[in-house]
Amino acid sequence: MDDVRRTIEAVARESYGRLLAYLSARLRDVAAAEDALGDAFVKALTTWPRDGLPQAPEAWLLTAARHRLVDRARRDQRLQTASARALELITAKAEAAPEPFPDERLKLMFVCAHPAIDPAVHTPLMLQTVLGLDAAGIARAFLVSPAAMGQRLVRAKGKIRDAGIAFEVPEESELPRRLEAVLEAIYAAYGSGWEDAAGSDPRARGLADEAIWLARVLVQRLPEEPEARGLLALILHCEARRPARRAPGGGYVPLSEQDPELWSRPMMEEAERELSAAARQARPGRFQLEAAIQSVHAERARNGRTDWRAIAALYEHLVQLAPTLGARVGRAAAVAEVRGPEAGLALLDEIEPTAVCAYQPYWAVRAHLLGRLGDKPQAREAFDRAIGLTEDDAVRRYLLERRG
């Protein structure tokens, strides 16, 4: 039974997004496809332990989802007419010889970024439908209640169905309006996987791999879009350091203390090629600047030092272009390395208190800078805030050691 459950979990990690995108692209109804696929996985949990694992698990799930959709169509005259041909295509595919299904995930991401859908829900919708994150996890990331996020996602899926939004990569004239949201979602998905540095959560590691795959596909489909290449470069530079982010005993190792010999040279070289190709387009953007910052850090593997002046200058450009909370905190940390902790703290103090109350990196950087100034009481208070907001046990232990 445990082996069967593990197999189902593996299929879900590897195939859920592809199957959902395949079904959604043919039904033009994301919610209906989600319901049908969810029922198929539930049926697998009861059928596979009894009958044994099917030869082609994806095809089995697709057939089971199709049966669920047929049952629903029989109860709903509107669906019976609108989805008849789609159900025929799904049936033909499911009953054919086992072969890879067309991967429609990138199309579904552009559907989720359609201008008819509330921009505030573009990224959450992609994270749920394409990458399988649950509404509660997405709500935590976007600092809203799970109920509110759930309602937004339901409304967005209804908009896709009712507006008949086409499942396709949009025309070139429409790309700029949607591309930013797609890039943001891929980066957010990678961030969810990147946070599991110890590799203890297979789903999180799968998210990182999927994000890298999606970023590569996006570059292949849109080779003249420099921000797509910038995103891929950024992700690859971060992924290159995964082996160095944990000590042999599992302890957290911050970037400044990592052994560059453990970084993946092939990944860093690929990242540099993508960043150079993006630069040739002469259209700088947020992800190119973030990748450039990581590129400067990567130079430590070659010359043994970190050029903090270059990093601080890049952060200045980044904050002007995209003043995100992460960019502003990163700038403060970089400036502190160049001009001292007082300068860094002054930049942190410029950030609105309400924006950082639940933002762990802000409190970790603040604690570090206050410690450098010798202000132990305030440093400990900041450490306590950072520790309380930390979910990673290894990072929590690291902060507790630094707090003293």
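As the structure is a computational prediction, the values presented were derived from the model and not from experiment.

## Notes on the overall build of the protein chain
When you go through the protein chain residue by residue, the secondary structure sums to 22 helices and 0 strands. The burial tally for the protein chain puts 50% of its 404 residues in the buried class. Carbon together with sulfur atoms contributes 51% to the accessible area of the protein chain, which is approximately 19,500 Å² in total.

## Here we look at unusual backbone geometry
A positive phi angle is found at alanine 282, which is not glycine, with a value near 55°. Here alanine 282 shows up in the loop between helix H13 (265-279) and helix H14 (286-298). Alanine 282 sits in the exposed class, given a relative accessible area of 62%.

## A word on the confidence of the model for the protein chain
With 87% of its residues at a pLDDT of at least 70, the protein chain reaches an overall mean of 85. A low-confidence stretch, residues 89-99 (pLDDT under 50), is modelled with 18 contacts involving residues beyond four sequence positions or located in other chains.

## Thoughts on the pattern of salt bridges
Summed over all chains, the structure comprises 20 salt bridges. In this structure, glutamate 270 engages arginine 216 in a salt bridge whose closest nitrogen and oxygen atoms are separated by 2.8 Å. Residue glutamate 270 is found in helix H13, and its partner arginine 216 is found in helix H11 (residues 202-221); the two are separated by 54 residues along the sequence. Given a relative accessible area of 31%, arginine 216 falls into the partly exposed group.

## Structural notes on the packing of helix H6 (residues 105-112) against helix H7 (residues 122-129)
The geometry of H6 relative to H7 is characterised by a closest axis approach of 9 Å and an angle of 150° between their N-to-C directions. For the element pair H6 / H7, the angle class is roughly antiparallel. Where H6 crosses over H7, the two elements pack in a sense that is right-handed. Seen from H6, the contacting residues are Leu108, Met109 and Cys112; seen from H7, they are His122, Leu125, Met126 and Thr129. Class assignment for the residues of the contact of H6 with H7 results in 5 nonpolar, 2 polar and no charged.

## What to know about the environment of alanine 59
Along the chain, alanine 59 turns up in helix H3 (residues 57-75). Along the chain, alanine 59 and leucine 19 lie 40 residues apart, while their C-alpha atoms are 9.5 Å from each other.

## Considerations on helix H2 (residues 30-51)
Between its terminal C-alpha atoms H2 stretches 30 Å, which fits the 32 Å expected from 22 residues at 1.5 Å a residue. In H2, a bend of some 35° at alanine 44 exceeds every other bend along the element. The backbone nitrogen of alanine 31 lies 3.3 Å from a side-chain oxygen of the residue at the head of H2, namely aspartate 29.

## Side note on the packing of aromatic side chains
The full count for this structure, using the stated rule, is 4 aromatic pairs. With centroids separated by 5.3 Å and ring planes inclined at 75°, the aromatic side chains of tryptophan 48 and tryptophan 60 adopt a geometry described as edge-to-face. Remark: tryptophan 60 occurs in helix H3 and tryptophan 48 occurs in helix H2; sequence separation between them is 12 residues. In this structure tryptophan 60 comes out as partly exposed when scored by relative accessible area, which is 22%. For arginine 241, the ring lying beneath its charged end belongs to tryptophan 263, and the centroid distance is 5.2 Å. The cationic tip of arginine 385 hangs over the ring face of tryptophan 363; the distance from NZ or CZ to the ring centre is 4.1 Å.

## Details of the nonpolar core
Formed by 95 residues in total, the largest nonpolar core has its most connected members in Ile186, Leu218 and Leu348. Of all hydrophobic cores here, the second largest spans 21 residues; its members include Leu19, Leu23, Trp48 and Leu61.

## Quick look at helix H9 (residues 146-163)
The terminal C-alpha atoms of H9, which comprises 18 residues, lie 26 Å apart, in line with the 26 Å expected from a rise of 1.5 Å per residue. Positive backbone phi, at 60°, marks glycine 164, one or two positions downstream of H9.

## Digging into the packing of helix H20 (residues 360-372) against helix H21 (residues 376-388)
Contact geometry for H20 and H21: axes closest at 8 Å, N-to-C directions at 160°. The angle between the axes of H20 and H21 places the two elements in the roughly antiparallel class. Of the two elements, H20 crosses H21, and the hand of that crossing is left-handed. The segment H20 lies against H21, with Gln360, Trp363, Ala364, Arg366, Ala367, Leu370 and Gly371 engaging Gln378, Ala379, Ala382, Phe383, Arg385 and Ala386. A class-by-class count of the residues in the contact of H20 with H21 yields 8 nonpolar, 3 polar and 2 charged.

## Let's talk about the side chain of glutamine 288
One can find glutamine 288 in helix H14. In this structure the side chain of glutamine 288 is engaged in a polar contact, spanning 2.7 Å, whose partner is the backbone oxygen of arginine 283.

## Considerations on the environment of glycine 344
Mapping glycine 344 onto the fold places it in helix H18 (residues 341-349). Using a relative accessible area of 0% as the deciding quantity, one classes glycine 344 as buried. Distance in space between the C-alpha atoms of glycine 344 and leucine 370 is 9.9 Å, their sequence separation being 26 residues. Leaving out residues up to four positions away in the same chain, glycine 344 has contacts with Ala332, Val335, Ala336 and Leu369.

Calculation criteria
Residues numbered from 1 in each chain as written. Predicted model: local features only at pLDDT ≥ 70, side-chain atom pairs only at ≥ 80, totals over all residues. Heavy atoms only, no water. Helix = DSSP H or I, 4+ residues; strand = E, 2+ residues; numbered from the N terminus. Buried < 20%, exposed > 50% of the residue type's maximum accessible area, 1.4 Å probe, protein only. Areas by Shrake-Rupley, 256 points an atom, 1.4 Å probe, with all protein chains shown as cover. pLDDT = per-residue confidence, 0-100. Contact = heavy atoms within 4.5 Å. Salt bridge = Lys/Arg side-chain N within 4 Å of Asp/Glu carboxyl O. Axes fitted to C-alpha atoms, helices over the stretch in contact; angles between N-to-C directions. Parallel < 35°, antiparallel > 145°, perpendicular 65-115°, else oblique. Left-handed = near helix turned anticlockwise from the far one by under 90°. Nonpolar A, V, L, I, M, F, W, Y, C, P; charged D, E, K, R; others polar. Expected span 1.5 Å × (residues − 1). Bend = angle between axes of the 7 residues up to and from the residue. Polar contact = N/O pair within 3.5 Å; in protein donor to acceptor, adjacent residues only side chain to side chain. Phe/Tyr/Trp six-rings, centres within 6.5 Å; stacked < 30°, edge-to-face > 60°. Lys NZ or Arg CZ within 6 Å of the ring centre and 35° of its normal. Core = buried A, V, L, I, M, F, W, Y, C linked by side-chain atoms within 4.5 Å.

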